[in-house]
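Examining the three-dimensional arrangement
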Amino acid sequence: MSIRTYGDPVLRRPADPVETIDSETRALCQRMVEEMIRADGVGLAAPQIGVSKQIVVLDVEGEFHVLVNPELVESSEETAEFTEGCLSVPGVHATVSRSARATIAGTNLDGERVEITGEGLLARAIQHEIDHLNGRLFVDRLSQVKRRSLLKEYDRKRRGTT
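Read on for an overview of the structure. What you see is a predicted model, and the numbers here were worked out from it, not measured in a lab. (Residues numbered from 1 in each chain as written. Predicted model: local features only at pLDDT ≥ 70, side-chain atom pairs only at ≥ 80, totals over all residues. Heavy atoms only, no water.)

1. As for the pairing of strand 5 (residues 89-99)
Going by this rule: When DSSP finds two or more bridges between a pair of strands, those strands are recorded as paired. Counting from the N terminus, the helices are DSSP H or I runs at least four residues long and the strands are E runs at least two residues long.
Alignment of strand 4 (residues 79-86) against strand 5, held across seven bridges, turns out to be antiparallel. Along strand 5, the bridge assignment pairs C86 with V89. Between strand 4 and strand 5, which pair antiparallel and follow one another directly, the connecting turn spans two residues.

2. Digging into the packing of aromatic side chains
Definition in use: Ring geometry is summarised as follows: Phe, Tyr and Trp rings, the Trp one being its six-membered ring, pair when their centres sit within 6.5 Å, and such pairs are stacked at plane angles under 30 degrees, edge-to-face over 60 and tilted between the two. Exposure classes here rest on a 1.4 Å probe applied to the protein chains alone. A residue is buried below 20% of its type maximum, exposed above 50%, and partly exposed in between.
Going through the model one piece at a time under the given rule, you end up with one aromatic pair. An angle of 80° between the planes, with centres 6.1 Å apart, marks the rings of Y6 and Y154 as edge-to-face. Here Y6, found in the segment before helix 1 (23-38), pairs with Y154, found in helix 3 (residues 144-159); they are 148 residues apart in sequence, far enough to count as distant. Taking the relative accessible area as the measure of exposure, Y154 reaches 5% and is therefore buried.

3. Some thoughts on the nonpolar core
Condition: In this text, buried Ala, Val, Leu, Ile, Met, Phe, Trp, Tyr and Cys residues form a nonpolar core when linked through side-chain atoms within 4.5 Å. We call two residues contacting when some pair of their heavy atoms lies within 4.5 Å.
In terms of nonpolar packing, the biggest core is built from 15 residues, with I104, I116, L122, I126 and L133 touching the most fellow members. Secondary-structure elements contributing two or more residues to this core are strand 2 (55-60), strand 6 (101-107) and helix 2 (120-133). With six residues, helix 2 is the largest single contributor of residues to this core. Among residues more than four places away in sequence, those in contact with I126 are L58, L72, A102, I104, I116 and G118.

4. Let's talk about the pattern of salt bridges
Stated precisely, the cut-off is as follows: For this document, the term salt bridge refers to a Lys or Arg side-chain nitrogen within 4 Å of an Asp or Glu carboxyl oxygen.
Taken as a whole and judged by the stated rule, the model has 12 salt bridges. A salt bridge links D155 to R159; its shortest N-O distance comes to 2.2 Å. Here R159 and D155 lie together in helix 3, a separation of four residues that amounts to about one turn. Note on D155: relative accessible area 24%, which makes it partly exposed.

In structure tokens:
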């Protein structure tokens, strides 16, 4: 299992809801956690490993979460700009504006409905992973000029040229 990168069509499709939390779902979540840790990430969505399912894993500042069928239920009007990257667009970063506070609701692996509210990096990770479930990447939040420049840089790095 490897992380899918920019250009892979699975990253552009809205993910399908998970119908039941069974042993297959739990095994997928375990693989996602392992892949996220191996890649030194703070979050990972199932589409990033080629599985079009609504599952995210987060590991931010000592808080670890696995959520099935998550949804963004609240986000602040106040925004914050921060340099952001993505495991699916490796090697490049850009300043992205997102809500400074966000709340996500979903189901944990025990079948319980949970809500997580975060600020700072956790709020950013929540919104970033929800974007993945909706077929969006952080580069989509950039102006056309910045996105084009960033993707040229990504392509040069991917090809090993400077």
